[in-house]
Amino acid sequence: LASLKPARAEEYDVGARFAALRLGAMRNVYASVDFFHMLLSDETITYSTAQNPNVTYFGYGSATYKGVDLSLHATFSRHWNGFANFGYLNSRWNEFQAAVTPSGPQPTGYGLPVPNSPKDTLTAGATYRFRVPTARMTATLWDQYIGARYLFNKNPGLPSTLTNPAYDLVNFSISARTHWFRSMLPGVRATNLALQVLNLTNKEYNSTEYVSSGGYFQTPTGGYVIAKPGAPPLVYASLNRPF
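In this report, the structure presented in the accompanying data block is examined. Remember, it's a predicted structure, so these values are computed and weren't measured experimentally. (Residues numbered from 1 in each chain as written. Predicted model: local features only at pLDDT ≥ 70, side-chain atom pairs only at ≥ 80, totals over all residues. Heavy atoms only, no water.)

A few points about the overall build of the protein chain
In plain terms, the rule: Helix and strand definitions here come from DSSP, where helices need a minimum of 4 consecutive H or I residues and strands a minimum of 2 consecutive E residues; each element is numbered from the N-terminal end. Contact between two residues is taken to exist if any of their heavy atoms lie within 4.5 Å; hydrogens are not considered. Accessible surface area values rest on a Shrake-Rupley calculation with a 1.4 Å probe, where residue burial reflects the displayed protein chains alone.
Within the protein chain one finds 0 helices and 13 strands. Start at the N end of the protein chain and walk to the C end: the helices and strands fall as β-β-β-β-β-β-β-β-β-β-β-β-β. Partitioning the contacts of the protein chain with sequence separation of at least 6, the portion at a separation of at least 24 is 60%. Surface exposure of the protein chain reaches about 14,400 Å², of which carbon and sulfur atoms provide 58%.

Okay, structure coming up:
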């Protein structure tokens with residue numbers, strides 16, 4: 001639409017990196033800390049109203065994102081290493097203008113949180129490496145935490161202070177590098193086999209949520225939450241056999 005402008009981002013970042021071959025009981029240590037501040041202008045959010053459920057409206061405004069990212073990776077022994085990443089985000093609308101609302105006037109949302117932006121995130125896990133007679137094995141178990149996220153409320157056409165609850169997912173992967181296929185297929189180099197399972201514990205969660213303005217399921221009014229369920233356990237397998 002001619003009335004919509006391309007989004008513009010102005011970002012500032014300052015941080016520090018640390019690397020060491022040895023640090024106490026740890027080896028191959030890598031750590032980092034980053035502080036960031038971003039102004040995002042001409043950002044848009046689409047929504048509709050119960051009065052015109054088939055018409056798409058665009059809310060627009062500018063928001064400030066600021067926070068910190070921390071990361072750590074280290075080897076603890078010949079078999080074990082660990083890793084962790086932590087993020088904290090504070091995101092607020094400096095201005096948000098709704099194109100149309102059920103009540104008519106265009107409200108402006110100063111200081112309201114940016115929807116679907118988790119305040120805190122954390123990923124942490126450990127990797128174990130070992131050998132079997134025919135392969136070198138690598139197994140990794142990690143947890144992914146996603147903090148509470150704010151909902152967009154399509155009733156007034158504005159962000160809200162309602163939240164989608166936090167959740168965490170347990171994931172697992174195992175891979176093998178083997179020469180076992182060389183005896184059957186001459187000329188084949190080392191083969192890589194991998195298996196990955198996401199959401200190992202079948203955690204039930206909603207990946208996204210928003211407050212409806214009505215119209216779904218023939219409802220004349222809004223105010224209820226529509227949620228998109230997260231994925232159940234997902235299994236991926238791969239085989240890489242170079243010649």
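Looking at the side chain of Ser41
Rule in force here: A simple rule labels every residue: compare its accessible area, found with a 1.4 Å probe on the protein chains alone, to the largest value its type can have, and call it buried under 20%, exposed over 50%, or partly exposed in between.
Within the element layout of this structure, Ser41 appears in strand 2 (residues 26-47). Among the residues examined, Ser41 registers a relative accessible area of 18% and is labelled buried. Sequence-distant contacts of Ser41, that is, excluding residues within four places in its chain, are made with Ala7, Arg8, Gly61 and Ser62.

Considering the sheet that holds strand 13 (residues 234-240)
The line we're drawing: The pairing criterion for strands is at least two bridges between them, as found by DSSP. All axes are obtained by fitting lines to C-alpha atoms, using only the stretch in contact for helices, and the reported angles, taken between N-to-C directions, cover 0 to 180 degrees.
In space, the 9 strands of this open sheet follow the order 1-2-3-4-5-6-9-10-13, with antiparallel pairing throughout. Looking along the sheet, the strands with just one partner apiece sit at the ends: strand 1 (8-23) and strand 13. Going from strand to strand, the sheet's axes swing by 15° on average, the running direction of each strand aside. Inspection of the sheet shows strand 4 (residues 80-97) paired to strand 5 (residues 120-132) by 9 bridges, in the antiparallel sense. For Trp80, the partnering residue across the bridge sits in strand 5 and is Tyr128.

Notes on a positive patch on the surface
Put simply, the rule reads: Patch membership is restricted to residues that have no salt bridge and whose relative accessible area is over 30%. Joining uses 9 Å for like charges and 5 Å for the nonpolar side chains Val, Leu, Ile, Met, Phe, Trp and Tyr. Should a side-chain nitrogen of Lys or Arg be within 4 Å of a carboxyl oxygen of Asp or Glu, the pair is scored as a salt bridge. Only four residue types enter the charge count: Lys and Arg as positive, Asp and Glu as negative, with His and the chain ends excluded. For charged residues, the charge sits on one atom: NZ in Lys, CZ in Arg, CG in Asp, CD in Glu.
A cluster of like positive charges, contributed by Arg78, Arg131, Arg136 and Arg177, occupies part of the molecular surface. Along the chain, Arg136 turns up in strand 6 (residues 135-146).

Re the nonpolar core
Quick reminder of the rule: Each nonpolar core is a collection of buried residues, namely Ala, Val, Leu, Ile, Met, Phe, Trp, Tyr and Cys, held together in the definition by side-chain atoms within 4.5 Å.
In this structure, Tyr65, Trp93 and Phe96 are the most contacted members of the largest nonpolar core, which totals 16 residues. Of all elements in the fold, only strand 2, strand 3 (57-75) and strand 4 reach the threshold of two or more residues within this core. No other element matches the 5 residues that strand 2 contributes to this core. With near-sequence residues (within four places) excluded, Tyr65 lies in contact with Phe36, His37, Met38, Leu40, Glu43, Leu89, Asn90, Ser91, Val114 and Ser117.

Points about the packing of aromatic side chains
Cut-off, in case you're wondering: What counts as a ring pair is set by centres within 6.5 Å for rings of Phe, Tyr and Trp (its six-membered ring), and what kind of pair is set by the plane angle: stacked under 30 degrees, edge-to-face over 60, tilted for all other angles. Criterion for a charge above a ring: Lys NZ or Arg CZ within 6 Å of the ring centre, and within 35 degrees of the ring normal.
Evaluation of the coordinates by the stated rule reveals 5 aromatic pairs. Considering the side-chain rings of Trp80 and Tyr128, the 4.7 Å spacing of their centres and the 50° angle between planes classify their relative orientation as tilted. Of this pair, Trp80 sits in strand 4 while Tyr128 sits in strand 5; the two residues are 48 residues apart in sequence, bridging distant segments of the chain. Summarising the aromatic geometry, the rings of Tyr128 and Phe130 are spaced 5.4 Å apart at their centres and angled 25° between planes, so their arrangement reads as stacked. Given the relative accessible area of 24%, Phe130 is considered partly exposed. Members of the aromatic cluster, connected to one another through ring pairs, are Trp80, Tyr128 and Phe130. Here the basic side chain of Lys154 rests over the ring of Tyr210, its NZ or CZ set 4.3 Å away from the ring centre.

As for the pattern of salt bridges
In the structure shown here, the tally under the stated rule is 2 salt bridges. The residue Glu10 makes a salt bridge to Arg8 at a minimum N-O spacing of 3.5 Å. Classification of Arg8 as exposed rests on a relative accessible area of 52%.

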